[in-house]
Amino acid sequence: MRAVFVTLEGGEGAGKTTQLALLAAGVEGRGWVAVTTREPGGTPLGARVRELLVRLGGDPPTPLAELLLYAADRAHHVETVIRPGLAVGRAVLCDRYADATEAYQGYGRGLPLAVVREVNRLATGGLRPHRTVVLDLSPEEGVRRSLERQRCGGGPREERFEAEAVAFHERVRAGYRAVAREDPERVRIVDASGTPVAVAERVWAEVEDLFARPGGLCPGLGAPDAGSGPSPR
Ligand code: TMP
């Protein structure tokens with residue numbers, strides 16, 4: 001069965017939402033049926049978990065509780081949206097996935113990477129994307145764009161991570177770079193500065209090959225705890 005799983009990652013305000021829509025249009029232009037989804041919040045249950053995670057409130061979760069809430073959202077999302085989409089041959093395009101947990105809860109919050117990876121493995125059942133594009137932008141520019149978008153009514157105010165110090169966002173950025181260094185075949189860093197169309201061209205250049213030929217099974221697909229085998233490419 002042809003199926004492709006691509007994830008978009010990046011810091012705050014990097015433009016993932018816009019790029020996901022442009023990518024879906026490009027993929028559908030190649031004859032694929034795209035499923036666009038996101039974490040946290042890609043399911044009705046996940047939308048409620050998202051509220052707990054992103055809003056500023058009086059009782060923020062501890063780092064471990066935060067890790068487990070993202071994992072709960074992911075476990076449910078993988079089983080009810082991502083695996084079913086892949087099983088019927090869709091192009092599943094997801095706004096954030098397990099690498100976000102490594103970057104934010106691992107590098108950003110400082111939880112041990114071994115713990116983060118084990119929790120990710122449980123939540124995903126070993127399912128890994130064929131390709132991950134990290135939209136890279138300076139934290140200052142990202143937070144500025146994100147606040148600007150909210151001021152212009154482009155979405156609800158989701159402040160908890162934007163309120164973090166620049167140093168936190170620098171650690172997240174460094175985390176994504178480390179993830180890309182460890183798995184350069186899957187994880188590609190793309191410069192997110194410039195116009196949405198210019199960025200979309202850079203993103204497309206990193207994923208085009210996946211849609212031009214028959215895809216393969218994602219590692220872990222079909223066997224919920226099959227571990228993380230090698231990338232199919
Ligand atoms: P969003 O900006 O993509 O809507 O994601 C909401 C926030 O959740 C964002 O600040 C990044 C954060 N996040 C984590 O900290 N860990 C995760 O595993 C995921 C998926 C998101």
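Look a little higher up for the structure.
Everything quoted here is computed from the prediction, not taken from an experiment. (Residues numbered from 1 in each chain as written. Predicted model: local features only at pLDDT ≥ 70, side-chain atom pairs only at ≥ 80, totals over all residues. Heavy atoms only, no water.)

**Considering the overall build of the chain**
Using the following cut-off: In DSSP terms, a helix is any run of H or I states spanning at least four residues, a strand is any run of E spanning at least two, and both are numbered starting from the N terminus. Remark: exposure states derive from per-residue accessible area (1.4 Å probe, protein chains only) relative to the maximum for the residue type, with buried under 20%, exposed over 50%, and partly exposed in between. Only the protein chains shown count as covering a residue, and every accessible area follows the Shrake-Rupley method with a 1.4 Å probe.
A count of helices and strands for the chain gives eight helices and five strands. In the chain, the order of α-helices and β-strands from amino to carboxyl end is β-α-β-α-α-β-α-α-β-α-α-β-α. Taken over 233 residues, the chain has a buried fraction of 49%. For the chain, the exposed surface amounts to about 10,400 Å²; the carbon and sulfur share of it is 58%.

**Details of the sheet that holds strand S5 (residues 187–191)**
Filter applied, for reference: For two strands to be treated as a pair, DSSP must find no fewer than two bridges joining them. Axes here refer to lines fitted to C-alpha atoms; in helices the fit is confined to the stretch in contact. Angles between the N-to-C directions go from 0 to 180 degrees. Residues count as neighbours in contact if any of their non-hydrogen atoms are within 4.5 Å of one another.
Taken in spatial order, the five strands line up as S2-S3-S1-S4-S5 in an open sheet, and their pairing is parallel. With partners counted over all chains shown, the strands left at the sheet margins are strand S2 (34–38) and S5, one partner each. The sheet shows a mean angle of 20° between the axes of neighbouring strands, taken without regard to direction. Note that S2 and strand S3 (residues 91–95) share five bridges and pair parallel. Counted as the bridge partner of Val35 is Val92 from S3. Its contacts with the sheet put helix H1 (residues 16–29) on strand S1 (4–10), S2, S3 and strand S4 (131–136), and the angle it makes with S3 is roughly 170°. Sheet contacts for helix H8 (residues 196–211): S1, S3, S4 and S5; angle to S4, the most-contacted strand, approximately 170°.

**Some thoughts on the packing of aromatic side chains**
Convention followed: Planes of paired rings set the category: under 30 degrees apart is stacked, over 60 is edge-to-face and the rest tilted, where pairs are Phe, Tyr or Trp rings (Trp by its six-membered ring) whose centres lie within 6.5 Å. Charges are assigned to positions over rings by a cutoff of 6 Å between ring centre and Lys NZ or Arg CZ, combined with an angular limit of 35 degrees from the ring normal.
On inspection of all chains with the given rule, the structure shows five aromatic pairs. Judged by centre distance (5.0 Å) and plane angle (80°), the rings of Phe5 and Tyr97 are edge-to-face. Taken together, the residues Phe5 in strand S1 and Tyr97 in the loop between S3 and helix H4 (98–108) connect sequence positions 92 residues apart. Look at Phe5 and you get buried, because its relative accessible area is 0%. On the accessibility criterion, Tyr97 (2% relative accessible area) is buried. An aromatic cluster of three or more residues is present, and its members are Trp32, Trp204 and Phe211. Sitting over the face of the ring of Tyr97, Arg74 holds its NZ or CZ atom 5.7 Å from the ring centroid.

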